Every structure is written in C-alpha cells, then in structure tokens.
Amino acid sequence: FADGPLKGRHVVVTSGPTHEPLDPVRYIANRSSGRQGHAIAGALAALGARVTLVSGPVAIAPPPGVAIVAVETAADMLAAVEAALPADAAVCAAAVADFRPAERVTGKIKKIPGQPPAPIVLALNPDILATLSHHAARPGLVVGFAAETSNVIANAQDKLARKGCDWVVANDVSGDVMGGTENTVHLVTASGVEDWPRLPKAEVAARLAARIADALAK
Ligand code: C5P
C-alpha cells in the first residue's frame, strides 16, 4: 500500500452498472462507464487505503493497487460488499439497477411468429447504499451518489435522509457527464452544501478521497 493519510484504513467502493439477466442472452442495466467509481477507488489507494472495489461489468481496467471483486447483479454486489466488511468507509458510486426481471428464464426467450411478446415482470432490487447505512457493521463514513437532472441539491438532501448515509455527492447529469471525463458535483452533508467547480473525474476523485481522509482523521 502507498504511504499516506489513509494507511491502515479499509474502504469499500462500488462502481459500474449491474446487469440483471432476463434470460441467458438479455439483461436490464443502467448506463454507467464506471469511470467515476474507479477513479475514486484509485484516489483512495493513492492515499494509502486498502480498497475493495466491487464493480459491475465495465470496459475499463481497475486502477492500480485496488482489490477488484467483479459482480454482475445487484444481489451479487450486495453480497460482495457485505463480505468485504468491516470497512472504515464506503463509497457507493455504482449505478445499481433498481429492478430485475422477477424471473430468470433458463433458455433464450423465443420469438413466436404472430404472437405478441410476453410482458416483463420486474422485482425490486436491494438498495446497497441504504443497507450499508443501516448495517450492524456500518462503516464509520458512508458516501452515496445522486445523479440528477433537476433540483439537484434538494433531491440529494432528500436522498441523504432517506438512505441514512453521511454524505451525498450530487451529480448534475443534465449535460454530457454520462460516459464523459468531467463532472460537476456538490458535496451534500448534514452540515451543508459545497459546490465544486466542473472538474475532470480524476480530480473529483482526488478531492473526495482527501475529504474522506480528513473525516476519518477526526
Ligand atoms: O436512489 P438512487 O439510485 O438515485 O440513489 C443513488 C445512490 O444509491 C448511489 O450512491 C447508488 O450507488 C446507490 N444505490 C445502491 N443500490 C441501489 C440503488 C442505488 O447502492 N439498489
């Protein structure tokens, strides 16, 4: 591990989308490149933390110095996160699918000529951030993300209360953030809101990692 203010600390980071299979060839997913979550994992490792990066399917490489746990579904992601505990902090940056097909069909669903397709019935996925925030082995600092296109701050404050986490990094995704290299975020905590300038995702990650180091030092 690198030397730094997070030496001896363990941080769990979720990143990427989850894939929720409908049958062996089809799935439901959210759009997520994993760039911001992976960058945060890398920045935490650079400050000396032991990082467990629990990631859904992404096309990017894990940052150096982090232990990667590759998962597919939200259920897998939750199990991997719980298995990684205890942790000093957790950052939930994954774009977890809120719903999964209620039934996972074993064989490929066939097109039947002249017949309309069967409807897809959805079931609710576990909320990993909320589960962690209320966990018996809750990390001392739990950070969530909020991707919003409007009422960014109000929605983030609502999320903070609803999920029970300590900080929400509110992400204004009304522009070209999804899949892009820059991000405009606001750090929402119980004590207020900080507006950060538009920054490269690596810089957002470095600032957030530094803030996490400060918080854990207190
Ligand atoms: O409720 P919403 O999806 O907008 O909240 C986003 C935050 O919650 C992110 O931090 C995301 O990683 C987390 N989340 C989660 N599990 C879910 C849904 C969201 O951890 N099933």
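Conventions we followed
- Residues numbered from 1 in each chain as written.
- Predicted model: local features only at pLDDT ≥ 70, side-chain atom pairs only at ≥ 80, totals over all residues.
- Heavy atoms only, no water.
- Pairing = 2+ DSSP bridges.
- Helix = DSSP H or I, 4+ residues; strand = E, 2+ residues; numbered from the N terminus.
- Axes fitted to C-alpha atoms, helices over the stretch in contact; angles between N-to-C directions.
- Contact = heavy atoms within 4.5 Å.
- Buried < 20%, exposed > 50% of the residue type's maximum accessible area, 1.4 Å probe, protein only.
- Near = heavy atom within 4 Å.
- Polar contact = N/O pair within 3.5 Å; in protein donor to acceptor, adjacent residues only side chain to side chain.
- Areas by Shrake-Rupley, 256 points an atom, 1.4 Å probe, with all protein chains shown as cover.
- 1 Å grid on protein atoms, 1.4 Å probe; cavity = no way out; pocket = protein on both sides within 12 Å on 5 of 7 lines; lining within 4 Å.
- Sits in = over half its atoms within 2 Å of the grid points.
- Nonpolar A, V, L, I, M, F, W, Y, C, P; charged D, E, K, R; others polar.
- Disulfide = S-S within 2.5 Å.
- Salt bridge = Lys/Arg side-chain N within 4 Å of Asp/Glu carboxyl O.
- Patch = residues over 30% accessible without salt bridge, like charges linked within 9 Å, V, L, I, M, F, W, Y side chains within 5 Å.

An unreviewed UniProt entry lists the protein under the name Coenzyme A biosynthesis bifunctional protein CoaBC, from Humitalea rosea.

Visitor: Mind showing me how you'd approach the sheet that holds strand β1 (residues 10–15) here?
Guide: Within a beta sheet, neighbouring strands are joined by backbone hydrogen bonds and run either parallel or antiparallel to one another. Pairing is mixed in the open sheet, where 8 strands are placed in the order β5-β4-β1-β6-β9-β10-β12-β13. Taken across any chain shown, the strands that pair with only one partner, and hence form the sheet edges, are β5 (67–70) and β13 (192–195). Between one strand axis and the next, the sheet turns by 15 degrees as a mean value, whatever way the strands run. Relative to β1, helix α2 (residues 74–84) is tilted by about 175 degrees, and along the sheet it contacts β1, β4 (50–55) and β5. Each of β9 (141–148), β10 (167–172), β12 (185–189) and β13 is contacted by helix α4 (residues 152–163), which is oriented at about 150 degrees to β10, the strand it contacts most.

Visitor: So what exactly am I meant to see when it comes to the environment of Pro62 here?
Guide: By the secondary structure assignment, Pro62 is in the loop between β4 and β5. As a C-alpha pair, Pro62 and Gly34 span 28 residues in sequence and 9.6 Å in three-dimensional space. If we skip the residues at most four places from it in the chain, Pro62 touches His38 and Ile68.

Visitor: In this structure, what is going on with the pairing of β4? I would like to understand it.
Guide: Within a regular strand, side chains alternate between the sheet's two faces. Counted residue by residue, β4 has 5 buried out of 6 residues, so it is predominantly covered. As defined by bridge partners, β1 adjoins β4 across 6 bridges and the pair is classed as parallel. Looking across to β4, one finds that Val13 is bridged to Leu53. Of the strand pairs in this sheet, β4 and β5 are connected by 4 bridges, and their pairing is parallel. When the bridges of β5 are listed, Leu53 appears paired with Ile68.

Visitor: I'm lost on the site of the ligand in this one. Help?
Guide: As a matter of local geometry, the ligand sits amid Cys92, Ala94, Val96, Asp98, Pro126, Asp127, Ile128, Leu129, Gly144, Phe145, Lys159 and Lys163. Backbone polar atom of Pro126 to a nitrogen atom of the ligand: 2.8 Å apart, as the coordinates give it. Contact between the ligand and Lys163: an oxygen atom at 2.9 Å from a side-chain N or O atom of the residue. Burial of the ligand by the protein chains amounts to 84% of its free accessible area of 450 Å². More than half of the atoms belonging to the ligand lie within 2 Å of the grid points that define the largest pocket. Taken together, the elements giving at least two residues each to the shell around the ligand come down to α3 (128–133), β9 and α4. Looking at the shell around the ligand, its residues break down into 7 nonpolar, 1 polar and 4 charged.

Visitor: Would you mind showing me how to read the state of the cysteines here?
Guide: By definition, a disulfide links the sulfur atoms of two cysteines through a covalent bond. Evaluated as defined, the whole model comprises 0 disulfides. The thiol sulfur of Cys92 is not disulfide-bonded, and the nearest other cysteine sulfur, from Cys165, lies at 8.1 Å. Here Cys92 falls in the buried class, since its relative accessible area comes to 8%. Overall, the relative accessible area of 7% leaves Cys165 in the buried class.

Visitor: Which parts of the structure should I look at to understand the pattern of salt bridges?
Guide: A pair can form between side chains of opposite charge whenever their charged atoms are brought close. In total, this model carries 9 salt bridges according to the counting rule given. Here Arg9 makes a salt bridge to Asp88, at a shortest N to O gap of 3.4 Å. One end of the pair, Arg9, is in the segment before β1; the other, Asp88, is in the loop between α2 and β6 (89–92), and 79 residues separate them in sequence. For Asp88, a relative accessible area of 24% translates into the label partly exposed. A salt bridge links Glu194 to Arg211; the shortest N-O distance between them is 2.5 Å. Placement of Glu194 in strand β13 and of Arg211 in helix α5 (residues 201–217) is noted, with a sequence separation of 17 residues between them. On the basis of relative accessible area, Glu194 is assigned to the partly exposed category, the value being 31%.

Visitor: What is the right way to read a nonpolar patch on the surface from this model?
Guide: On the surface, a nonpolar cluster with roughly 410 Å² of combined accessible area is contributed by Phe99, Ile120, Leu122 and Leu124. In this fold, Leu122 is placed in strand β8 (residues 122–124).

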